[in-house]
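Spelled out from the first residue to the last, the chains are:
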Amino acid sequence: MAGAGLSTPSGIPDFRTPGTGLYDNLQKYNLPYPEAIFDIHYFMMDARPFFTLAQDLYPGVNYKPNVGHRFLRLLHEEKKLQMVYTQNIDGLERLAGVPDSKLMEAHGTFATASCTLCGKIHNPDRVKEAIIDGDIPIMCEAAMCKGKVKPDVVFFGENLPSSFWDYHHHVHFTDLLLVIGTSLEVYPFAGIVDTVGKTTPRVLINLNSVGSLGSRSNDVILAGDLKDSIWSLTKALGWEEKLKNLEEKYDSSEE
Ligand code: OAD
């Protein structure tokens, strides 16, 4: 399970860290309350704050995967990865090479887009272009529809993708749960940690202790910066060279 903390080493602020988190830095948007930026009712009234943020966050434009994302890919290559459940919409797990079949983007994605009123599916490339050019709001092309189009990012007030609920099935086959960079404050996502069986070890990789992690005798808490924890874990697994190679492979494929 991953949250916004996983992407802070890539330069993307998380939401709730006091001072640096996005919710403490939204003054320029004049929002009535911070979460309004992801509130579907607010979006209907004023789509500009979300689109300004989306312009910066659009996957593959400004930010690159970091060692945490590549560790997830390495887990996959080593056939140890069952599934990544992420709350992040930055697409960095995908860019790092976690395959689609192993990725559940619980809070949605920029990869598809649809009308908030009639549901018509819109061309994601055109939506991307409009977001990056600041050509917003994007209006629905369906006849008679005056809805606004948005990427299929899940807002407060919207349903999670139905396949999210498959976690109830997956947790039965999980040998170990890694929880990386999340405050576990947002449900239903946070509920996954309490659904895994009591005999399944849960490992928290986070700056601080969160949720119910630490309440079971077989919980492990790796507190501190996740880059350090990921490298320690990698070393303990004897995978240091493999992770370094992945880093180099990624950097050279960029040039
Ligand atoms: P939060 O900002 O709530 O939590 C991020 C967590 O990551 C915090 O506990 C930080 O201490 C930790 N963290 C940050 N940088 C770290 C680092 N370098 N190393 C280790 N830990 C680090 O973000 P989420 O839990 O992802 O929802 O937030 C959940 C949801 O709230 C988001 O998906 C979003 C937001 O409202 C929607 O947009 C629907």
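Remember, it's a predicted structure, so these values are computed and weren't measured experimentally. (Residues numbered from 1 in each chain as written. Predicted model: local features only at pLDDT ≥ 70, side-chain atom pairs only at ≥ 80, totals over all residues. Heavy atoms only, no water.)

Attention now moves to helix 5 (residues 124-133). All of the buried residues in helix 5 are Val127, Ala130 and Ile131. The buried side chains of helix 5 occupy one side of the element, clustering within an arc of 100 degrees when seen end-on. The exposed set on the far side of helix 5, more than 90 degrees from its buried face, consists of Asp125, Glu129 and Asp133. One side-chain oxygen at the N-terminal end of helix 5 lies 2.7 Å from the backbone nitrogen of Asp125; it belongs to Asn123. Positive phi appears at Gly134, one or two residues downstream of helix 5, with a value of about 75 degrees. (Buried < 20%, exposed > 50% of the residue type's maximum accessible area, 1.4 Å probe, protein only. Helix = DSSP H or I, 4+ residues; strand = E, 2+ residues; numbered from the N terminus. Arc of directions from axis to C-beta. Polar contact = N/O pair within 3.5 Å; in protein donor to acceptor, adjacent residues only side chain to side chain.)

Once that is clear, we can look at helix 3 (residues 67-77). Of all eleven residues in helix 3, eight are buried, a share of seventy percent or more. Inspection of helix 3 places Val67, Gly68, His69, Arg70, Phe71, Leu72, Leu74 and Leu75 among the buried residues, and these make up the whole buried set. Of the residues that open helix 3, the one with a side-chain oxygen 2.7 Å from the backbone nitrogen of Gly68 is Asn66. Lys79 sits one or two positions beyond helix 3 and adopts a positive phi of about 60 degrees.

On to the UniProt feature "domain: Deacetylase sirtuin-type" (unreviewed entry) in the chain, then. UniProt tags residues 1-240 as "domain: Deacetylase sirtuin-type" (unreviewed entry). Across residues 1-240, helical content stands at 26% and strand content at 16%; the span's end C-alpha atoms are separated by 22 Å. (UniProt positions renumbered as here; feature names shortened; annotations may be inferred.)

Counting 34 residues, the largest nonpolar core has Ile37, Phe38 and Phe50 as the members making the most contacts within it. When residues in this core are grouped by element, the largest group, five residues, is from helix 2 (residues 48-57). (Core = buried A, V, L, I, M, F, W, Y, C linked by side-chain atoms within 4.5 Å.)

Attention now goes to the side chain of Thr182. Within the secondary structure, Thr182 sits in the loop between strand 7 (177-180) and helix 7 (192-195). What makes Thr182 buried here is its relative accessible area of 6%. In this structure the side chain of Thr182 is engaged in a polar contact, spanning 3.1 Å, whose partner is the backbone nitrogen of Leu184. Discounting chain neighbours no more than four positions away, the residues touching Thr182 are Gly3, Gln87, Asn206 and Val210. (Contact = heavy atoms within 4.5 Å.)

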